[in-house]
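Residues per chain, in single letters:
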Amino acid sequence: MTAEIEITSATVWDDGQVARWALLGNTARRVTAVFGCRQQQIIGHGRAPGDVPAVTDEQVVRHSALARSVGLEFLYLLNGRCDHLQIDAPEVRGQLIADIDWIVQCVRATSVVVADQRVARLVRSRYSRQALGIRVSTIAAVMAPEDLEPWLALDIDGVVLHHDVARDFDLLQHFAATLRARAPETHLELLLNESCLHGCASRDAHYARLARASLGYMEGFQQNCNLPKFQDPSLLLSANWIRPEDVTFYRSLGIRRFKVAGREMPASWLDRAVHAYVAGSYRGNLVDLLTMTPPGLGVQAADVFFLDNRRLSGLLEGLCSLKGPKRVFYRDLAADLWHDGALRIEDPGAEYEVARGNPRCAQAGQHHDTLSSLGVFSDPAYGNRRRAPEALVNISSSR
């Protein structure tokens, strides 16, 4: 059964859950695929290995078979940023070929999700599109139609666009028009529920670190993403998430595939997110649906950040008609929501003020200070020092 809107979801290897998802929705909107991979593999993936459930090869094979039996595709992740790997080195190439052959012959995945063109070329050297599809990961950072050129030569079946393009509606229409003309069988896909900072300067380093599981994952990136939201709540609004109610708007732009992230989250959390996006509505705290859990707090993000989803009706229409800077738009919206209690941050001891039309943190609270204490380290693999922005450090040290 085809669907006008296709939802692709993370899986946490719960066979019963995936079987239930296959029954959700209808020809207008339904789950059509699930994705996952081993915790550890030579080509990493977009999560720290310790953050996702352990799974045996036998469980992966069984889960993929279950998904196919209920009419869902299974997508296997080979989407780590593997700049550090010499793909043509005999030992690396041999292990990667063994993994690809296992994915095709045992897992029988519909597609692999990749971020490195060298990996895609190796896949295509062994298997046709009919034998194994290729979807380009958001980690590949496709931000403009010209970024697609080298990928289209590899006969891809889809591409998950960069986080930051989700609210550039003219650009999305340009992407859709380009693919209609150049590769009509290749689909655009958008992430639904990530809350990364727009224009995050740490994005590439974060994904590169995640792919190097042998080094051990060092936190700091999540703190750098979440600490600024304590300081300036409007940054939560400008993150490029998509509400369940707004998926139909993107369908009108020519996009029909959408991805629910959350491999690191509990099965019950993932179930709530999938149900909301298939239903196309959610009446609670939008943060309930976002992969935004700050590490080290001992509480869920939704216990700290509240954003009333019902009050966000008209967000995209407001952006479409916007004449001024988006930052001003988000700050004004944050002020309105904050005033009505539709946006708030529950951080014991914190004090906020609305300055120049925007809520700002005047006194850091307990959760901010906990994250700040975790957020400084240097990463010798990338020469990349991660720390809280200076403004946040000043607030924390002003006590």
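Residues numbered from 1 in each chain as written. Predicted model: local features only at pLDDT ≥ 70, side-chain atom pairs only at ≥ 80, totals over all residues. Heavy atoms only, no water.

Overview of empty space enclosed by the protein
- In total, this model carries 4 cavities of 30 Å³ or more according to the counting rule given.
- Counted as a void, the second largest cavity has a volume near 90 Å³.
- In terms of lining, the second largest cavity is formed by 13 residues, of which the most central are His163, Leu191, Glu194, Asn240 and Trp241. (1 Å grid on protein atoms, 1.4 Å probe; cavity = no way out; pocket = protein on both sides within 12 Å on 5 of 7 lines; lining within 4 Å. Points joined across faces, edges and corners; volume = space filled by probe spheres on them.)

Examining the sheet that holds strand 5 (residues 133–136)
- The 8 strands lie next to each other as 1-2-3-4-5-6-7-8, forming a closed barrel whose pairing is parallel. Within this sheet the neighbouring strands show an average axis-to-axis angle of 30 degrees, counted without direction.
- Pairing of strand 5 with strand 6 (residues 158–160), which is carried by 2 bridges, proceeds in the parallel orientation. Bridge pairing links Arg135 to Gly158 in strand 6. (Pairing = 2+ DSSP bridges. Helix = DSSP H or I, 4+ residues; strand = E, 2+ residues; numbered from the N terminus. Axes fitted to C-alpha atoms, helices over the stretch in contact; angles between N-to-C directions.)

As for the pattern of salt bridges
- Scanning the model with the defined rule gives 22 salt bridges in all.
- Asp155 serves as the salt-bridge partner of Arg129, at 3.1 Å between the closest nitrogen and oxygen. Taken together, the residues Arg129 in the loop between helix 4 (117–126) and strand 5 and Asp155 in the loop between helix 5 (149–152) and strand 6 connect sequence positions 26 residues apart.
- Among the residues examined, Arg129 registers a relative accessible area of 21% and is labelled partly exposed.
- A salt bridge links Arg327 to Asp232, with the nearest nitrogen and oxygen atoms 3.2 Å apart. With Arg327 in helix 13 (residues 326–340) and Asp232 in the loop between helix 8 (221–231) and helix 9 (234–238), this residue pair connects regions lying 95 residues apart in the sequence.
- One continuous salt-bridge network, built from bridges that share partners, spans Glu6, Glu73, Arg135, Asp157, Glu189, Arg256 and Arg257. (Salt bridge = Lys/Arg side-chain N within 4 Å of Asp/Glu carboxyl O. Buried < 20%, exposed > 50% of the residue type's maximum accessible area, 1.4 Å probe, protein only.)

Regarding helix 11 (residues 267–279)
- Between the first and last C-alpha of helix 11 there are 18 Å, a value that for 13 residues agrees with the 18 Å anticipated at 1.5 Å per step.
- Those residues of helix 11 lying buried are Trp269, Leu270, Ala273, Val274, Ala276, Tyr277 and Val278.
- Its buried side turned inward, helix 11 meets strand 1 (5–10), helix 1 (15–21), strand 2 (29–36), helix 10 (247–252) and strand 8 (257–260).
- In the segment just after helix 11, Gly280 is the residue with positive phi, at about 80 degrees. (Expected span 1.5 Å × (residues − 1). Contact = heavy atoms within 4.5 Å.)

As for the nonpolar core
- Core analysis: the biggest nonpolar cluster contains 117 residues, and Tyr76, Trp241, Tyr250 and Leu307 have the highest contact counts within it.
- For this core, the element with the highest residue contribution is helix 3 (residues 90–107), accounting for 8 residues.
- Other than its neighbours up to four places away in sequence, Tyr76 contacts Gly36, Cys37, Arg38, Gln41, Val60, Trp102, Ile103, Ala109, Ser111, Val112 and Val113. (Core = buried A, V, L, I, M, F, W, Y, C linked by side-chain atoms within 4.5 Å.)

Structural measurements only, silent on function.
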